[in-house]
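Coordinate inspection notes
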Amino acid sequence: MNTDRIRGMYDILPDEIGWWRLAEQAMIDTARRFNYREIRFPIVEYTELFARGMGEATDVVGKEMYTFTDRKERSLSLRPEGTASVVRAYLNQGWHTQAPFQKLFYIGPMFRYEKPQKGRCRQFHQFGIEALGSLDPSLDAEVISFAWSMMDQLGIGGLWLRLNSIGCSEDRERFRAVLHAHFSRSIAHMCADCNRRLDENPMRILDCKEPQCQPFIDTAPGSADHLCPECALHFAHVRSLLDLLGLGYEIDSRLVRGIDYYTRTVFELMSKDLGSQDTLLGGGRYDGLVETFGGPSIPGLGFAGGFERLVIILQERANAKLTETSLDLFLATLGEAGRRYAFSLAQRLRRDGFSVDIDHRNRALRKQLTLANALHARHLLVIGDDEARAARGKIKQMDSGEELEISLEADTIADVLRKGG
RNA sequence: GGGAGCGUAGCGCAGCUGGUUAGCGCACCAGGUUGUGGUCCUGGGGGUCGCGGGUUCGAGUCCCGUCGCUCCUCCCA
């Protein structure tokens, strides 16, 4: 039997799960403070949902999806992101007619077929929020502020925000034409990818890192200079609200992002502790997406971030400390009567809410104590046949070594455990 | 899609210009102490040296191939 993991998919082990809980808890708590409600949606959707939502020409749809056909020959895909599913659920529930304004968040695994490396896996985990139903710049600012607040709660520093506006769909069309004209003049000197992008999606050329392309990208017009008056005003409002909240950002007119549904505000929160995968979280507006899926014209925006990257930062910066797990009581046993007595005592105390563990391997007493130590048990009770018969024994506080003779009734023990903190 | 590095016990590693039964630390198990922990001592279990082929009297070591992992580039979470 082959016990290898699937490439790019990892076990999250008990020793590291604390960092994940910490990150998830920060997400859940920030969502509570900002009043975003949790939604969970399937891991598999019709392929078309992602293809139409994210855009056929995007890298994700073009070459990174886990796509397969089911037994009825329908094309399904493992979700590569959450936004399309949230919008699908939104329409599915009829929220566009009954409750068009929604603030939602989600946590869960996503799948993209890419070469794995630090901070990039084939099964990775995202936290994300989506706010639908308002075009107001205050919602843009809130979404960005949400991201900062969450990082703040985790004590993560060394972050900066790249911000841009790529305008409404008309602006995008005009901007594409402007870029096409700009790059057409120099395309012969540019890399193969950019030659392909010129007609496919000239905005993506701005993302190119090839040295030979840089001079032409540096002189390219920025998207923020080609906004219609309405979009320009919207962008100015977003910036002024971020200023009001004291949130830092840098305008980056080259930031275009890799998914087609974005309009107007786009942003990425970057970390200098992540190496080459330095985007911790990214998002933006998608004012046309609901309509693309056949719904009414309802705007929305959101972001998604990577838990793996968050965990890397948490571990490496170690600003946060994990609390060691501990046990209220360890029951060491001797003899059959002792074991039976302890077994039933454990049941009672666990029902009362205490964490209790017991030896299951019939090991020497000394080994049981070593185990109690390793488990950080706060109290120890040795129950042998004598204790079982007399229903009395000595409970020991592990750190001080102090022993107290008590009656071995569950209530009496519970009192001692409570007093012992 | 392109590039680089690395595969020896669960983990971290050593193993010289090829030369006996492949070692060390941690972890694990047992005993010292058959009813009281963290220390210490002793012992033990664990390896197709990633896999396949080649060279050789002899390969963990050299050669070729292959698979896997990691990282970089790209893109992004």
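In this numbering scheme, every chain counts its residues from 1 along its sequence in written order. Going through the entries in the order they are written, you letter the chains from A and number the ligands from 1. Side-chain atom pairs in this predicted model are given and counted only at pLDDT of 80 or more, local residue features only at pLDDT of at least 70, and totals for whole chains, interfaces and linings cover all residues. Where side-chain values are given, they derive from all heavy atoms of the structure, hydrogens and water being excluded.

1. Comments concerning a nonpolar patch on the surface
Rules: Excluding any residue in a salt bridge, patches collect residues exceeding 30% relative accessible area, merging like charges within 9 Å and nonpolar Val, Leu, Ile, Met, Phe, Trp and Tyr side chains within 5 Å. A 1.4 Å probe and the Shrake-Rupley method give the accessible areas. Residues count as covered only by the protein chains that appear here. Salt bridge, as applied in this entry: a Lys or Arg side-chain nitrogen positioned within 4 Å of an Asp or Glu carboxyl oxygen. By definition, any uninterrupted DSSP run of H or I lasting at least four residues is a helix, any uninterrupted run of E lasting at least two residues is a strand, and each is numbered from the N terminus. The classification of residues rests on relative accessible area computed with a 1.4 Å probe and restricted to protein chains. Under 20% of the type maximum is buried, over 50% is exposed, and intermediate values are partly exposed.
Side chains of Ile43, Val44 and Phe68 sit close together on the surface and give an oily, nonpolar patch of about 210 Å² of accessible area. Structurally, Ile43 can be placed in the loop between β1 (37-38) and β2 (44-46). A relative accessible area of 34% places Ile43 in the partly exposed class.

2. Description of the protein's contact with RNA strand B
The following threshold applies: Only a single heavy atom is needed: when it lies within 4 Å of a molecule or strand, its residue is near that molecule or strand. Any N or O atom pair separated by 3.5 Å or less is treated as a polar contact, with the protein-specific requirement of one donor-capable and one acceptor-capable atom, and with residues adjacent in sequence counted only for side-chain atom pairs.
Taken together, 50 residues lie near RNA strand B, and Arg120, Asp207, Ser276, Glu387 and Met398 sit nearest. In the environment of RNA strand B, a base nitrogen lies 2.6 Å from a nitrogen or oxygen atom belonging to the side chain of Asn373. Here Met398 contributes a backbone N or O atom positioned 2.2 Å from a base nitrogen of RNA strand B. If you list the elements that add at least two residues to the surface near RNA strand B, you get β6 (123-132), β10 (279-285), β11 (300-306), α14 (365-374), β14 (377-383) and α15 (385-390).

3. With respect to the side chain of Arg122
This is how the line gets drawn: Note on contacts: a residue pair qualifies if any of its non-hydrogen atoms lie within 4.5 Å across the two residues.
On the secondary structure map, Arg122 appears in the loop between β5 (102-111) and β6. The contacts of Arg122, once residues within four sequence positions are left out, are Arg7, Gly8, Met9, Tyr66, Met110, Phe111, Arg112, Tyr113, Glu114, Lys115 and Pro116.

4. Re the packing of aromatic side chains
Using the following cut-off: A pair of aromatic rings is counted whenever rings of Phe, Tyr or Trp (Trp by its six-membered ring) have centres within 6.5 Å, and the orientation is called stacked for planes under 30 degrees apart, edge-to-face for over 60 and tilted otherwise.
Scanning the entire structure with this criterion turns up 11 aromatic pairs. Ring geometry for Phe34 against Phe146: centres 5.1 Å apart, planes inclined by 50 degrees, an arrangement best described as tilted. Remark: Phe146 occurs in helix α6 (residues 137-153) and Phe34 occurs in helix α1 (residues 17-34); sequence separation between them is 112 residues. A residue is classified by how much of its surface remains accessible, and Phe146, at 0% relative accessible area, is buried. Ring pairs connect the aromatic residues Trp20, Phe34, Tyr36, Phe127, Phe146, Phe303 and Phe307, which therefore count as one cluster.

5. Let's talk about the sheet that holds strand β15 (residues 392-397)
Two orientations exist for strands paired in a sheet by backbone hydrogen bonds: parallel and antiparallel. Formally: Between any two strands, pairing holds if DSSP finds at least two bridges. For every element, the axis is a line fit to its C-alpha atoms; helices are fit only across the contacting stretch, and the angle between N-to-C directions ranges from 0 to 180 degrees.
Read across the sheet, five strands follow the order β13-β12-β14-β15-β16 without closing on themselves; strand pairing throughout is mixed. Whereas interior strands pair on both sides, the edge strands pair on one side only; in this sheet they are β13 (356-358) and β16 (403-407). If you compare each strand with its neighbour and ignore which way they point, the axes differ by 25 degrees on average. Pairing of β15 with β16 involves five bridges; the strand directions are antiparallel. Across the sheet, Lys396 pairs through a bridge with Glu403, a residue of β16. Where α14 meets the sheet, its contacts fall on β12 (327-333) and β14, and the angle it forms with β12 comes to roughly 170 degrees.

6. Here we look at the domain arrangement of chain A
Defined as follows: Each domain span listed reflects an automatic or database assignment of domains.
For chain A, the domain assignment lists domain 1 (17-168 + 228-318) and domain 2 (329-420). One C-alpha centre belongs to domain 1, the other to domain 2, and the line joining them spans 49 Å.

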